[in-house]
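Here is how the chains run, residue by residue.
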Amino acid sequence: MKNPNPILFTDVILEDNFWSDRLKINRDTTLTANYNYLKKQGRIDAWTWDKGEPKKPHIFWDSDVAKWIEAVSYCLANESNRSLEKKVDYIVDLMANAQLDDGYLNSYFINVEPSRRWSNLRQEHELYCAGHLIEAAVAYFQATGKDKFLNIMCKYADHIDKTFGLKNNQKKGYPGHQELELALVKLYKITKKENYLKLSKYFLMQRGQKPKYFILEQKEFEKKYPDKFYMASTLLAEKYNQSHEPVVDQKEVVGHAVRAVYMYSGMTDVANETNDKKLEKACKNLWKNLTQKRMYVTGGIGPTHYNEGFTFDYDLPNETAYAETCASIALAHWAHRMFHLDPDSKYIDVLERAIYNGILSGVNLEGDKFFYSNRLTVLPEEIKSNPHGHDIDRQPWFECACCPTNIVRFLPSIPGYIYSKSNKDVWIHLYIQSKVNLELNNSKIELSQKTSQPWNGKCKISIKNKHKKSFSLYLRQPYWSKGLVIKQKKKIIKTTVQKGYIKIAVPADLQTTIDIDLGMGINLVSSHPKVRQNNGKLAVQRGPIIYCMEETDNGKHLHNISLIGKVLKPSPTNIKSYKYVSIKGKGLFNSLNNWNNKLYSSNAIKKIERKNIKMIPYFLWANRRVGEMRVWFNSI
């Protein structure tokens, strides 16, 4: 059976209370907040900068503007907004005027240091920025049909194609920060120009080959620009950007998490498009290492600030977790691609884990403050002693603004993750209230979901089959499900699960209704025993949502609380006007009495007290006031 293809965001109408509210806030507040900062800091108008202006463009400003345009594109897919279109068209005109005759387009290197184009691929983000600009151009074309931006980026991609490759007159380099690889596949898919796919594969397959390009580049750079900084080429530096060995030989996720997972997405795309089995095998090996040994329960990845990335197997500290918002977004991108390379629910399980937890925690309820990193345990005292203390309270902006602009583009793209299809069949990955019109085997189908996920496990699927042709519907059984129950014509049907999906034969009727109970309940989650930070501890999950405790509800010293799992119950609650399901119950608290200001004692009397506890979804923490937060708890 041929692998399915994703159904584009432009073809899906979201009607879901949970996500529709988030996307409305994203459109009405987050987009505006992002744009205002981009405009205020000169990022929007960086294309017109001249040397008389005090604040010069930065080497990766173009990527932030590109992600904002991509966000606008997803928002425009189902709802027109002339004001947003005018803003994008203004930026596109700036780019058109700035683009050089040979196609080169980068606001920093055109305006600030034109002589240094392509001289420091490893550190200076030229190819990374090109990738985000291409993604934005493709999305804007898909949403609006306007091709000016797309044509600009095709001209730029053609320039890159002439500049890089294995011919004598070409540079043998590749991106220092990966992203262009996946963007070129998107450009290939929409233009059908094979050279873009071949260029993407070149960048991937050249990486890690000897002689190492970045070592050669460093020598040339230091000769030409002795006054400029170039980081030393060491094995650690090579692992940081995953250039330590050829990508087909890589089995372990290393280095900077965002760089890594963007690269894995590109590898997956190219493997899928070219049927490259070596790339496919590498992707599966890397996926296994990441999701079985190096991923947080929230879908966060990259445990350390040191390299903004990976350390070693089972190293998942909670208090110092980096778990960058951008990295979880990259993981969601990769998970979606891996499913289409190897149709199996395990990939969508990770996608779902990331979007409801590690990604959604990156923005507050009002949509105007952001987390760069997403810890799993927080102590307010750290704000005084930790240089990264800002990540215990969301911030309105960051000088390195990759996360705010990434989350503003990811959330409105969610409709594109719900469904897939082949010529004859349909897959439902995420139970999100929505409607999609599609064509199967020359037959028009309207499929809709009605559900209150993630708070309720009931889902009704309605199908209008205009031409009365039968087809197969594949329903994902979520990893957290306590047993899916499916009714057709009000009768429970027997099901079998294959690769995490239940195949339903949809009859050749004009209308069909399928009722699903997803089997939601409270799950107590344990870590692998090798995760030393969580030994003997439990996390709490209901549906796709990971829960945490905050000081606001439970007082200080959350580490002293032990869970009594049998008495935990879901409870409808609200923060401000936001309605959600909390979990309430009883816990045991190790009293601080009788210690008499001692740090250690062999005679201290333990006094265990019972106390009421309340848990909230992890993505909702830090929406009231700064205080302690914790995901993992002692168990009894």
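(A) Representation of helix α8 (residues 194-206). The end-to-end C-alpha distance of α8 is 18 Å, a good match for the 18 Å that 13 residues give at a rise of 1.5 Å each. Tyr196, Leu197, Leu199, Ser200, Tyr202, Phe203, Leu204 and Gln206 are the residues of α8 that are buried. Tucked inside the fold, the buried residues of α8 contact α5 (126-144), α6 (148-163), α7 (180-191) and α11 (257-274). In the stretch just after α8, glycine 208 is the one whose phi turns positive, near 85°.

(B) Inspection of the side chain of asparagine 289 at higher detail. With respect to the element layout, asparagine 289 can be found in helix α12 (residues 277-293). By relative accessible area, asparagine 289 is classed as buried at 9%. Of note is the side chain of asparagine 289, whose polar atom sits 2.9 Å from the backbone nitrogen of valine 253. Residues in contact with asparagine 289, not counting those within four places in the same chain, are Lys251, Glu252, Val253, Arg294 and Asp313.

(C) A look at the packing of aromatic side chains. For the structure on display, the rule yields 29 aromatic pairs. Taken together, a centroid distance of 6.1 Å and an interplanar angle of 55° make the contact between tyrosine 174 and tyrosine 213 tilted. Taken together, the residues span a long stretch of sequence, with tyrosine 174 in the loop between α6 and α7 and tyrosine 213 in helix α9 (residues 213-224) at a distance of 39 residues. Overall, tyrosine 213 belongs to the buried group, its relative accessible area being 12%. Taking the centre distance of 4.8 Å and the plane angle of 25° together, the rings of phenylalanine 371 and tryptophan 621 count as stacked. Residue phenylalanine 371 is found in the loop between α14 (345-359) and β3 (377-378), and its partner tryptophan 621 is found in the loop between β21 (608-617) and β22 (629-630); the two are separated by 250 residues along the sequence. This pair shows no difference in class: phenylalanine 371 is buried, exactly as tryptophan 621 is. Members of the aromatic cluster, connected to one another through ring pairs, are Tyr104, Trp118, Tyr156, Phe164, Tyr202 and Phe203. Sitting above the plane of the tyrosine 225 ring, arginine 116 keeps its charged end 5.6 Å from the centroid.

(D) Quick peek at the environment of asparagine 437. Structurally, the position occupied by asparagine 437 is in strand β6 (residues 434-440). When the C-alpha positions of asparagine 437 and serine 448 are compared, they lie 8.7 Å apart, and in sequence the two are 11 residues distant.

(E) Main features of the packing of α12 against α14. Where α12 meets α14, the closest approach of the two axes is 12 Å, and the angle between their N-to-C directions is 45°. One way to sum up the angle between α12 and α14 is to call them oblique. Once α12 is placed against α14, the crossing between them reads as left-handed. In contact with Lys284, Trp287 and Thr291 of α12, α14 contributes Lys346, Tyr347 and Val350. A class-by-class count of the residues in the contact of α12 with α14 yields 3 nonpolar, 1 polar and 2 charged.

Scoring rules and cut-offs
- Counting from 1, residues in each chain are numbered in the order their sequence is written.
- Given that the model is predicted, a residue must reach a pLDDT of at least 70 before its local features are reported, and side-chain atom pairs must reach 80 or more before they are shown or counted; all residues, however, enter totals for whole chains, interfaces and linings.
- The side-chain values count all of the structure's non-hydrogen atoms but skip hydrogen atoms and water molecules.
- Only DSSP runs of H or I reaching four residues or more are called helices, and only runs of E reaching two or more are called strands; each is numbered from the N terminus.
- Working rule for helices: expected span equals 1.5 Å times residues minus one.
- Between buried and exposed lies partly exposed: a residue is buried under 20% and exposed over 50% of the maximum accessible area for its type, with that area taken using a 1.4 Å probe on protein chains only.
- Contact between two residues is taken to exist if any of their heavy atoms lie within 4.5 Å; hydrogens are not considered.
- Polar contact is the term for a pair of N or O atoms within 3.5 Å; when the atoms are in protein, one must be able to donate a hydrogen and the other to accept it, and sequence-neighboring residues count only if both atoms are side-chain atoms.
- In summary, the pairing rule links any two rings of Phe, Tyr or Trp, Trp by its six-membered ring, whose centres are within 6.5 Å, and it sorts them by plane angle into stacked for under 30 degrees, edge-to-face for over 60 and tilted for everything else.
- Charges are assigned to positions over rings by a cutoff of 6 Å between ring centre and Lys NZ or Arg CZ, combined with an angular limit of 35 degrees from the ring normal.
- Every angle, taken between N-to-C directions, lies between 0 and 180 degrees, and every axis is a line fitted to C-alpha atoms, over only the stretch in contact when it is a helix.
- Throughout, the term roughly parallel applies to angles under 35 degrees, roughly antiparallel to angles over 145, roughly perpendicular to angles from 65 to 115, and oblique to all others.
- Crossing handedness follows the turn of the near helix against the far one: under a right angle anticlockwise gives a left-handed crossing, and clockwise gives a right-handed one.
- Under the convention adopted here, Pro, Cys and the residues Ala, Val, Leu, Ile, Met, Phe, Trp and Tyr are nonpolar, Asp, Glu, Lys and Arg are charged, and Gly plus all remaining residues are polar.

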